[in-house]
Amino acid sequence: MELAESTVEVRGLEKRYGDLEAVRGVSFDVAPGETFGFLGPNGAGKSTTISMLCTLIRPTGGSARVAGFDVTKNPLGVRRRIGLVFQDPTLDEYLTALENLQFHAQLYRMPRDRAAERIPAVLEMVGLWERRKGLVRTFSGGMKRRLEIARGLLHSPQVLFLDEPTVGLDPQTRVHIWDYIQTLRDREAITIFLTTHYMDEAEYCGRIAIIDNGEIVTMDTPDALKAAVGKDRIELRTEDDARARRELDERFRIEATTTSEGLTFHVAEGEEFVPRLFAELPVGIKAVSIARPTLDDVFMRHTGRTIRDAESSSADRLMMNPMVRARRSR
Amino acid sequence: MTTTATRQSAAMPDVAPVVDLTEGATWYDDLRAARVVWKREIIRFSRNRIRILTSLAQPVLFLFVLGTGLAPVIKVPGGFDFRTFMFPGVIAMTILFTAIFSAVSIVWDREFGFLREMLVAPVRRGAIMIGKCAGGATVATLQGIIMLILAGLVHVPYSPLLIIELLGMMVLTATMLTAFGLFLAARIQEIESFQVVMQLFVLPMFFLAGAVFPINRLPTWLGTLTRFDPLAYVVDAMRKTVFTYAHAPRTVRRTLDPGITWGGWHLPLGVELGLVVLVAAALLGGAIAQFTRTE
């Protein structure tokens, strides 16, 4: 076994299905103990990448090493060192929470005494110890997801892969799941690789890569990404929006857009700009608000569209796909 | 929320991930993986009492309603109970339906995601298949044993030797049929296809096995077909055994237990069972190969 500095090391990883390039040569490194997020719309290639890293599907190009093992040359070596939580449930609903974990422990060849020690620990961590004897089919969506996270951690993996860990859960449960994920990050020296299409969730990551159409468009810490966008968004309501818009253009060389609420424009240092606005704008100001750039703005800046628009277009792409195939087969 | 938080800190020791899993899967690891897959099947079966009862309803109906109804039509010499003839067939039937049902549960596992938990584990696919097969075979044998208890009602003696011999053949039948089910199920992606499997494979297999009628005086085309049904060989082997212990008169044996012939050659019991072992091994091998190839 070689000593690798990165826990996850990806070079030019590719996956194509016929003409469809799901992942087009992505490269990145994840350091030990880091929480790394893959952010992008549905259909951008996030799940395909995660499946390749987990040795579930074979890449068609490039290479990837996870926990020091090559995903194509030593898949079993990789599998033993990773924990997985999928988008879709993978629990046996007719078994109890405890039985699901016992099954996992044996499948992962955990020594009996260590399983006996780890099972209560992980169940406690996700707050399901009291419900350990309950059949999983009686659990709520949030409880099931927590149980999956507990199971993913049971065999003390070096890397935990979370594919859309909160998809389909209500906002309150999502917050709770994130509490658990942060707890485990503090408790266990573990590297976390996650995918999400929720912008707010990406904020929990140490570093994120934004992926669109199978390519990484940018990669950095959430703060650095937002700082790179630079400009704050200012929303302004005045007594005469049309005149204010003209004045902004003449005096500040700022192009504002009219919205149903008033005017919106972007400036570099929002907080310093607002006092000038009050002093120099010859129109009465009713309200003003400054918004820091969000990851939505980051995504917008790098892809030229909002994540919502990207999602509907990639949905079209997926809808198109069977037709493409049908045409080819003719 | 707060209570869980405090309990968490107490319960979670600060352990760094330890990699103490030795590399390279040995046969013992595979065995352990197979055992846990087997165990899950048993737990699920024991929890589903309704399934145990409903899958017994059909064979009981066949034996006591169809069998009793047919008895006066089919003239069996010497007042011999026709249902004694049907008994091995009905046991095979119980095993057939339970085994196929268990095997096809792999399609359910796929549908509800649990198959993924098994597929991503660091174990060989073959081990999972063997565990599944052992689980299905155990469950099917258990159902068969419940039917075996009814033996006395249809004039099959409770001889310990007979029971031991039948048990052995039942385990073999159950293994072969579960392997057959897994072989079919390894490729099935949707639950809906289960109906197709039943209509296309299971029912013909049952009817061609000679479970409810003797297969010696059939028209050539049908008689030829029965020889391709592996279930026919176990039914024949079990019937031979039952008739021996039930002291069936020679006249009865001539009509109801003529044995299976290959171009005039009467297959001895040992050859019949040997054939079934081969078929079982081939099917299980095929199921493993298919399962390893897909996904």
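Details of the structure are given in the entry above.
A closer look at the overall build of chain B
Here comes step 1: Of the regular secondary structure elements, chain B holds twelve helices and two strands.
Here comes step 2: Walking chain B from its N terminus toward its C terminus, one meets helices and strands in the order α-α-α-α-α-α-α-α-α-α-α-β-β-α.
Here comes step 3: Once the C-alpha set of chain B is aligned to its principal axes, its extents read approximately 80 × 40 × 35 Å.
Here comes step 4: A buried classification covers 41% of the 295 residues belonging to chain B.

A look at the pairing of strand β11 (residues 232-238) of chain A
Residues and elements named next belong to chain A.
Here comes step 1: Side chains D232, I234, L236 and T238 project from β11 onto a buried face, and the interleaved R233, E235 and R237 project onto a face without burial.
Here comes step 2: Across six bridges, the pairing between β11 and strand β14 (residues 285-291) is antiparallel. Pairing of L236 across the sheet is with V288, part of β14.

Re the pairing of strand β10 (residues 215-220) of chain A
Residue and element names in this part refer to chain A.
Here comes step 1: When strand β9 (residues 207-212) meets β10, the two strands line up antiparallel, connected through five bridges. Opposite I211, over in β10, you have I216 as the bridge partner.
Here comes step 2: In sequence, β9 turns back onto β10 through a hairpin of two residues, with N213 there showing a positive phi of about 50 degrees.

Focus on the nonpolar core
Here comes step 1: Ranked by size, the top nonpolar core spans 159 residues in total, and within it A150 and F161 of chain A together with A92 and L96 of chain B carry the most contacts.
Here comes step 2: Sort the elements by how many residues they give to this core and helix α4 (residues 82-111) of chain B lands first, with 18 residues.
Here comes step 3: Aside from chain neighbours lying at most four places away, what touches A92 of chain B is T173, A209, A211, L231, V234, V235 and M238 of chain B.
Here comes step 4: In terms of nonpolar packing, the next biggest core, distinct from the first, is built from six residues, I234, A244, L248 and A256 of chain A among them.

Quick word on helix α1 (residues 46-53) of chain A
All names here are of chain A.
Here comes step 1: Most of α1 is tucked away: eight of the eight residues are buried.
Here comes step 2: Residues K46, S47, T48, T49, I50, S51, M52 and L53 constitute the buried set of α1.
Here comes step 3: A positive phi of about 65 degrees marks T55, the residue just after α1.

A short note on the sheet that holds strand β6 (residues 82-85) of chain A
The strands making up a sheet are joined through hydrogen bonds of the backbone, oriented either antiparallel or parallel.
All names here are of chain A.
Here comes step 1: Strand order in the open sheet formed by six strands is β6-β7-β8-β3-β9-β10, with mixed pairing between adjacent strands. Both edges of this open sheet fall to β6 and β10, since each of them pairs with a single strand only. Ignoring which end each strand starts from, the neighbouring axes of this sheet average 15 degrees apart.
Here comes step 2: Of the strand pairs in this sheet, strand β7 (residues 159-163) and strand β8 (residues 191-196) are connected by five bridges, and their pairing is parallel. Each residue of the ladder has a partner; that of D163, found in β8, is T195.
Here comes step 3: Each of β6 and β7 is contacted by helix α5 (residues 141-154), which is oriented at about 170 degrees to β6, the strand it contacts most.

Focus: the environment of I106 of chain B
Residues and elements named next belong to chain B.
Here comes step 1: Relative to the assigned elements, I106 resides in helix α4.
Here comes step 2: For the pair I106 and A185, spaced 79 residues apart in sequence, the C-alpha separation works out to 6.8 Å.
Here comes step 3: What I106 contacts, discounting residues up to four positions off in sequence, is L115, K132, L182 and A185.

Comments concerning the packing of α5 of chain A against helix α6 (residues 171-187) of chain A
All names here are of chain A.
Here comes step 1: Look at α5 against α6: their axes get within 10 Å of each other, and the N-to-C directions meet at 15 degrees. Relative to α6, the element α5 lies roughly parallel. Crossing handedness for the pair α5 and α6: right-handed. Along the contact surface, α5 presents G141, G142, R145, R146, I149 and L153, while α6 presents T173, H176, I177, Y180 and L184.
Here comes step 2: Grouping the constituent residues of the contact of α5 with α6 by class yields five nonpolar, four polar and two charged.

Here we look at the environment of P72 of chain B
Here comes step 1: Within the secondary structure, P72 of chain B is located in the loop between α3 (49-70) and α4.
Here comes step 2: Separated by ten residues in sequence, P72 of chain B and F82 of chain B place their C-alpha atoms 8.8 Å apart.

Concerning the packing of helix α6 (residues 125-148) of chain B against helix α12 (residues 269-293) of chain B
Residues and elements named next belong to chain B.
Here comes step 1: α12 packs onto α6 with a crossing angle of 135 degrees between their chain directions and a minimal axis gap of 9 Å. When the axis of α6 is compared with that of α12, the two are oblique. With respect to the hand of their crossing, α6 and α12 are arranged in right-handed fashion. Together, R125, G126, M129 and C133 of α6 and L284, A287, I288, F291 and T292 of α12 make up the contact between the two elements.
Here comes step 2: By residue class, the composition of the contact of α6 with α12 is six nonpolar, two polar and one charged.

Rules used throughout
Residues numbered from 1 in each chain as written. Chains lettered and ligands numbered in written order. Predicted model: local features only at pLDDT ≥ 70, side-chain atom pairs only at ≥ 80, totals over all residues. Helix = DSSP H or I, 4+ residues; strand = E, 2+ residues; numbered from the N terminus. Buried ≥ 20, exposed ≤ 12 C-beta atoms within 10 Å, placed from the backbone. Pairing = 2+ DSSP bridges. Core = buried A, V, L, I, M, F, W, Y, C linked by C-beta atoms within 7 Å. Contact = placed C-beta atoms within 7 Å. Axes fitted to C-alpha atoms, helices over the stretch in contact; angles between N-to-C directions. Parallel < 35°, antiparallel > 145°, perpendicular 65-115°, else oblique. Left-handed = near helix turned anticlockwise from the far one by under 90°. Nonpolar A, V, L, I, M, F, W, Y, C, P; charged D, E, K, R; others polar.

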